[in-house]
Number of protein chains: 2
Amino acid sequence: MNQMHDHIVKSYDDEQRRLLEEILRMGHMAAAQLDAALDVVERRDDKAAERIVANDEAIDAIERAIDHDVMRLALRGPMARDLRIILAALKVSADIERIGDYAANVAKRSTALNLSPPLPHTRGLDALGRLAAQQVRDVLDAYRDLDADAAQRVRNRDAELDTLYTGLFRELLTYMMEDARAITPCTHLLFMAKNLERIGDHATNIAENVWFLVHGEEQLPPREKRDATNSA
Amino acid sequence: MNQMHDHIVKSYDDEQRRLLEEILRMGHMAAAQLDAALDVVERRDDKAAERIVANDEAIDAIERAIDHDVMRLALRGPMARDLRIILAALKVSADIERIGDYAANVAKRSTALNLSPPLPHTRGLDALGRLAAQQVRDVLDAYRDLDADAAQRVRNRDAELDTLYTGLFRELLTYMMEDARAITPCTHLLFMAKNLERIGDHATNIAENVWFLVHGEEQLPPREKRDATNSA
């Protein structure tokens, strides 16, 4: 009887561990999609862009599988602590799914960009995107290790991303005012930059989930504020 | 013993009903925020815009409360069907939270818009926003009534929203090309329009949750596709 109980407990833990591994795998796929999207912007490679857009389906499929796994684990009547872990898993996977969507949208918009001559601003976009990809990878590590301090560093570094975004936004506006032919491609760049800034926000959401997993109900520590392009 | 069991069962149902009522209340708050945001764009009322931005915190607070309620209900070891209902509740409230964010962002950007003279395109934005608000209210009704057909109608009507969005997007680009002074305000309008289109996507997400609540694992029926401004 005791042995059977041990067996059940072990198997729950195994399944929960497998769930977390699956989320990390999904997260690294999304980060790789983002890298690939930034590459196709630089290389102006429409074929590769299409492949990235198509790959997004694989990430969505993992999210659906994770939903099922969470459902199955929750039905086994976990204790509060385990329930918190699997509900957080549901949120983290939703954030990763959005990161994947934004990466795919960057790739998709790059094909629209390629209808116009190359613009110098893709370099600023690349810097923004590389930082966003780093944030995603760092927060995945923090999630894997349940490292609240590392998560807090990701949250704080989001301000850097916002500063880069705001700078690029202003630069693009100026460029559009100087050359009307640049308006259409720059508009795509604006949306691509916004996507990258949003990826940073989702990394921040994941960081906040890590914080709550470690510290429970305790209030989040303060952090610096968001992008300044919204308002006057 | 039997009576006590009845009592527990009834109380679970009551709590679950209360959870769904709370989500509907949150949803109607988000729809009201959207209406208010569209009004301040028309009236160019910065003070009212600030109030809308501040009100968003109330919606975020309800989402946190719903997270707790879901956690509490899940700890009571619900059956598969009830667990599916409360996990869907978690997703629906996350979508509503995003709808509230987008509505607040429309209000916030209106203050940037008010630094420039009025533009004729706010009328197109208003039409887009009113349709988005209608979609939100219709999907909340479908969720309340667990009406999969009504949910499917919301999903299909999202194509109308996308068509309006694409039209407005093109119109704004043309306008920017004709008058460089319009570039900054039109960029804000582009992002505001994108926010409204995204609100429609979140209404669609909720519709899909309603579909799965009613039909279980069954595959979603096909629907028309999204906005055409992303790509070539």
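Remember, it's a predicted structure, so these values are computed and weren't measured experimentally. (Residues numbered from 1 in each chain as written. Chains lettered and ligands numbered in written order. Predicted model: local features only at pLDDT ≥ 70, side-chain atom pairs only at ≥ 80, totals over all residues. Heavy atoms only, no water.)

Participant: Help me get a handle on the overall build of chain A, residues and values and all.
Facilitator: In terms of regular secondary structure, chain A is built from six helices and zero strands. Written out in order from the N terminus, the α and β elements of chain A read α-α-α-α-α-α. The dimensions of chain A, computed from C-alpha atoms along their principal axes, are 75 × 40 × 20 Å. Put simply, chain A has 232 residues, and 55% of those count as buried. Considering only residue pairs separated by 6 or more positions, chain A has 85% of its internal contacts joining residues 24 or more positions apart. For chain A, the accessible surface area stands at approximately 10300 Å², while carbon and sulfur atoms represent 54% of it. For chain A, the separation between the mean place of its 31 positive charges and that of its 41 negative charges on side chains is 2 Å. (Helix = DSSP H or I, 4+ residues; strand = E, 2+ residues; numbered from the N terminus. Buried < 20%, exposed > 50% of the residue type's maximum accessible area, 1.4 Å probe, protein only. Contact = heavy atoms within 4.5 Å. Areas by Shrake-Rupley, 256 points an atom, 1.4 Å probe, with all protein chains shown as cover. Lys, Arg positive; Asp, Glu negative; His and termini not counted. Charge placed at Lys NZ, Arg CZ, Asp CG, Glu CD.)

Participant: Requested: an account of the side chain of A:Thr187, with residues and values cited.
Facilitator: Here A:Thr187 shows up in helix α6 (residues 183–215). With sequence-adjacent residues up to four places away left out, A:Thr187 is seen in contact with A:Met176, B:Phe169, B:Leu173, B:Met176 and B:Leu190.

Participant: So what's going on with the interface of chain B and chain A? Residues and values would help.
Facilitator: In this assembly, 42 residues from chain B lie in contact with 42 residues from chain A. When the buried area of chain B at its contact with chain A is split by residue, B:Met71, B:Phe191 and B:Asn230 rank highest and sum to 18% of it. Summed over the shared surface of chain B and chain A, the result is two salt bridges. One salt bridge connects A:Asp67 with B:Lys91, and the closest N-O pair in it is separated by 2.5 Å. Counting across the chain B and chain A interface gives two residue pairs in polar contact (both at pLDDT 80 or more). Counting residues per element, the ones that place at least two in the side of chain B that touches chain A are α2 (46–74), α3 (80–113), α5 (148–178) and α6 (183–215) of chain B. Take the side of chain B that touches chain A: its biggest share by element is 13 residues, from α3(B). Split by residue class, the side of chain B that touches chain A holds 23 nonpolar, nine polar and 10 charged. (Buried area = accessible area lost by both parts, 1.4 Å probe. Salt bridge = Lys/Arg side-chain N within 4 Å of Asp/Glu carboxyl O. Polar contact = N/O pair within 3.5 Å; in protein donor to acceptor, adjacent residues only side chain to side chain. Nonpolar A, V, L, I, M, F, W, Y, C, P; charged D, E, K, R; others polar.)

Participant: Tell me about the environment of B:Leu172, and please be specific about residues and values.
Facilitator: Residues and elements named next belong to chain B. Along the chain, the position of Leu-172 falls in helix α5. Given the relative accessible area of 0%, Leu-172 is considered buried. Considering only alpha carbons, one finds Leu-172 and Ile-199, 27 residues apart in sequence, at a separation of 20 Å. Apart from the residues lying within four places of it in its own chain, the contact partners of Leu-172 are His-121, Cys-186, Leu-189 and Leu-190.

Participant: Outline the UniProt feature "domain: PhoU" (unreviewed entry) in chain A, supporting the account with residue identities and numerical values.
Facilitator: All names here are of chain A. Within this structure's numbering, the places UniProt gives as "domain: PhoU" (unreviewed entry) are residues 23–109 and 128–210. The annotated region residues 23–109 carries 92% helix and 0% strand content, and the separation between its end C-alpha atoms amounts to 27 Å. Across residues 128–210, the secondary structure splits into 93% helix and 0% strand, with the terminal C-alpha atoms separated by 24 Å. (UniProt positions renumbered as here; feature names shortened; annotations may be inferred.)

Participant: Let's hear about the state of the cysteines: which residues, and what values?
Facilitator: As enumerated under the stated definition, the model contains zero disulfides over all chains in all. No disulfide involves A:Cys186; its nearest neighbouring cysteine sulfur is the one of B:Cys186, lying 15 Å away. The exposure class assigned to B:Cys186 is buried, which follows from its relative accessible area of 0%. (Disulfide = S-S within 2.5 Å.)

Participant: Can you break down the environment of B:Asn156 residue by residue, with the values?
Facilitator: Mapped onto the elements, B:Asn156 comes out in helix α5. Separated by 66 residues in sequence, B:Asn156 and B:Pro222 have C-alpha atoms that sit 9.0 Å apart.

Participant: How would you sum up helix α4 (residues 122–145) of chain A? Please name residues and give values.
Facilitator: Taking 1.5 Å of rise per residue, 24 residues should cover 34 Å, and α4(A) covers 34 Å from first to last C-alpha, within 8% of that figure. Phi turns positive one or two residues past the end of α4(A), at A:Leu146, with a value near 45 degrees. (Expected span 1.5 Å × (residues − 1).)

Participant: Mind laying out the relation of the copies chain B and chain A, listing which residues take part and the relevant values?
Facilitator: Two copies of a chain can be linked by a rotation about an axis combined with a shift along that same axis. Expressed as a screw transformation, the operator carrying chain B onto chain A has a rotation angle of 180 degrees and an axial translation of 0.0 Å, and the superposed copies differ by an RMSD of 0.0 Å. Each copy turns onto its partner about a two-fold axis. The C-alpha atom lying nearest the rotation axis in chain B is that of B:Gly77; the distance is 2.6 Å. Here 100% of the contact residues of chain B are again contact residues in chain A; the copies associate through an equivalent surface. (Least-squares fit on C-alpha atoms with pLDDT ≥ 70 in both.)

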